[in-house]
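# Observations on chain architecture
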Amino acid sequence: MVRTFKKTPLKYLIFNLFVLFLATAFSGQLYAASGEEDNKTAFIGHHISDSHEWHFATLGHTHFTLPLPVILYSPEKGVDVFMSSNFLDGDHNRVPYNGYELDSHDKIQPVEAGINVYDLSITKNVASMLISVVILFAIFLSIANSYKQRKGKAPSGLQSFIEPIILFVRDDIAIPNIGRAKYERFMPFLLTVFFFIWVNNLMGLLPGAANLTGNISVTFVLAVFTFIITNINGNKNYWKHIFATPGVPWWLLPIMIPVELLGVFTKPFSLMVRLFANITAGHIIILSILALIFLFESIAVGPVSVAFATFMNFLELLVAFLQAYVFTLLSAIYFGGAVEEHHHDEPEEAVSKAAA
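Residues numbered from 1 in each chain as written. Predicted model: local features only at pLDDT ≥ 70, side-chain atom pairs only at ≥ 80, totals over all residues. Heavy atoms only, no water.

## As for the overall build of the protein
Scanning the protein from N- to C-terminus turns up eleven helices and seven strands. When the 356 residues of the protein are sorted by exposure, 37% land in the buried category. When contacts within the protein are restricted to residue pairs at least 6 apart in sequence, long-range pairs at least 24 apart make up 64% of them. Total accessible area on the protein stands at roughly 20,800 Å², and carbon and sulfur atoms take up 67% of it. (Helix = DSSP H or I, 4+ residues; strand = E, 2+ residues; numbered from the N terminus. Buried < 20%, exposed > 50% of the residue type's maximum accessible area, 1.4 Å probe, protein only. Contact = heavy atoms within 4.5 Å. Areas by Shrake-Rupley, 256 points an atom, 1.4 Å probe, with all protein chains shown as cover.)

This is the structure:
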């Protein structure tokens, strides 16, 4: 037995522990929700939505949660700061606190009518985003220090892992779609949005993690950044294609101009919906497959559901990278279209020489 354990690769042990933790964390919550049919759907919706507490797992009747700060401002009552655990009693039932309460959608509402409240709380998604920002700062500050200390030397450690990805974004995304002359001004945004989406996609696959990139508010802000950068950097040729499309008869312009203007907004809209829908769908599929165990209440379904859920989890690792790549690629394409210069027609002699 000892000899076999020594021969077992460490990565397989880590994988088995991860699958065991995944099944235990989710199955405990699903078992607690298995009393009613609607509870399974409510559990899945609760997992992929934002919350004022960070719920990691449920084992039996024990809830492993981390309360988060609640920050409220009301013109009538002023500023209130407290922990979200004040909304729960000893039996984990929701109770009002200080004139506020949590509704069925986990939104804070005033108990009394006629009171306006602005919620500035650190929710689960906000906390997850702050953690991802700390991780990204730690990674890239470490890599920057490595470049300073190992100037002129071959990369090593984390630097050797991140550098090919940075070169991939530069050589396969930015330069081909924006152009070698103008790509550098967009590289900070492209690298930031690529690694931000990728890291948060990976974090969202951990049991009990937040579904940050599956939150449409987050994808909306990312798409707005792309929209603003595209139109601020749009040159004369870019706006001419919108308001005076070359080669289009003048009598078609009343139709073409609204269509082109609509395209200016539908491009970032597609970025927002694509990232939101793909990440959210992946979480729903994995949780739905695990829920089949308690839906059919059959021991034969258990191994099959766990196997499919594990396969989907590995597939989501690919989707996490793919969605970061697609968002960055399309942003680069939009930037390239905004800064592209007008191509003048070649002289007939040059065309004839090229044909010869």
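## Re the nonpolar core
Core analysis: the largest hydrophobic core is formed by 39 residues, its most contacted members being Ile-178, Leu-190 and Ile-197. The set of elements that each furnish at least two residues to this core consists of α4 (124–149), α5 (158–178), α6 (187–203), α7 (216–232), α9 (253–296) and α10 (301–339). Apart from the residues lying within four places of it in its own chain, the contact partners of Ile-197 are Thr-213, Leu-222, Leu-275, Gln-323, Ala-324 and Phe-327. In terms of nonpolar packing, the next biggest core, distinct from the first, is built from seven residues, Leu-72, Phe-82, Phe-87 and Tyr-100 among them. (Core = buried A, V, L, I, M, F, W, Y, C linked by side-chain atoms within 4.5 Å.)

## Quick notes on the pairing of strand β4 (residues 78–83)
Regular strands have side chains that alternate between both faces of the sheet. Strand direction decides the pairing type here: strand β3 (residues 69–74) and β4, joined by six bridges, are antiparallel. Its bridge partner being in β4, Ile-71 is matched across the sheet by Val-81. Between β3 and β4, which follow one another and run antiparallel, lie three residues. (Pairing = 2+ DSSP bridges.)

## Topic: α4
Over its 26 residues, α4 runs 37 Å from end to end, which matches the ideal 38 Å to within 8%, given 1.5 Å per residue. What α4 keeps buried is the set Lys-124, Asn-125, Ala-127, Ser-128, Ser-132, Leu-136, Ile-143 and Ser-146. (Expected span 1.5 Å × (residues − 1).)

## Describing the pattern of salt bridges
Enumeration over the complete set of coordinates arrives at two salt bridges. Residue Arg-94 is joined to Asp-106 by a salt bridge in which the shortest nitrogen-to-oxygen separation is 3.2 Å. Of the two residues, Arg-94 is situated in the loop between β4 and β5 (100–102) and Asp-106 in the loop between β5 and β6 (108–110); the sequence distance between them amounts to twelve residues. The class of Asp-106 is buried, set by a relative accessible area of 9%. A salt bridge links Asp-171 to Arg-170, with the nearest nitrogen and oxygen atoms 2.7 Å apart. Residue classification places Arg-170 among the partly exposed residues on the basis of a relative accessible area of 31%. (Salt bridge = Lys/Arg side-chain N within 4 Å of Asp/Glu carboxyl O.)

## Examining the pairing of β3
Residues of β3 alternate between two faces, with Val-70, Leu-72 and Ser-74 buried on one and Pro-69, Ile-71 and Tyr-73 left unburied on the opposite face. Where β3 and strand β7 (residues 118–119) come together, two bridges link them in antiparallel fashion. Across the sheet, the residue bridging to Tyr-73 is Tyr-118, located in β7.

## Side note on the side chain of Thr-328
Structurally, Thr-328 can be placed in helix α10. Apart from residues lying up to four places away in sequence, Thr-328 is in contact with Val-169, Ile-173, Leu-190, Val-193 and Phe-194.

## Remarks on the confidence of the model for the protein
With 81% of its residues at a pLDDT of at least 70, the protein reaches an overall mean of 81. Of the regions scoring below 50 in pLDDT, residues 345–356 engages in one contact with residues more than four places distant in sequence or in other chains. (pLDDT = per-residue confidence, 0-100.)

## Some points on the packing of α4 against α5
Where α4 meets α5, the axes come as close as 10 Å, and the angle between the chain directions of the two elements is 100°. The orientation of α4 with respect to α5, classified from their angle, is roughly perpendicular. Residue-level inspection shows Ile-139, Phe-140, Ile-143, Ser-146 and Tyr-147 of α4 in contact with α5, the latter providing Leu-158, Gln-159, Ile-162, Glu-163 and Ile-166. Looking at the contact of α4 with α5 residue by residue, the class counts come to seven nonpolar, two polar and one charged. (Axes fitted to C-alpha atoms, helices over the stretch in contact; angles between N-to-C directions. Parallel < 35°, antiparallel > 145°, perpendicular 65-115°, else oblique. Nonpolar A, V, L, I, M, F, W, Y, C, P; charged D, E, K, R; others polar.)

## Observations regarding the sheet that holds β4
Taken in spatial order, the three strands make up an open sheet running β4-β3-β7, and their pairing is antiparallel. One side of each edge strand has no neighbouring strand; the edge strands of this open sheet are β4 and β7.

## A few points about the environment of Ala-144
Among the structural elements, Ala-144 can be located in helix α4. Its relative accessible area of 31% is what places Ala-144 among the partly exposed residues. Along the chain, Ala-144 and Gln-159 lie 15 residues apart, while their C-alpha atoms are 8.7 Å from each other.

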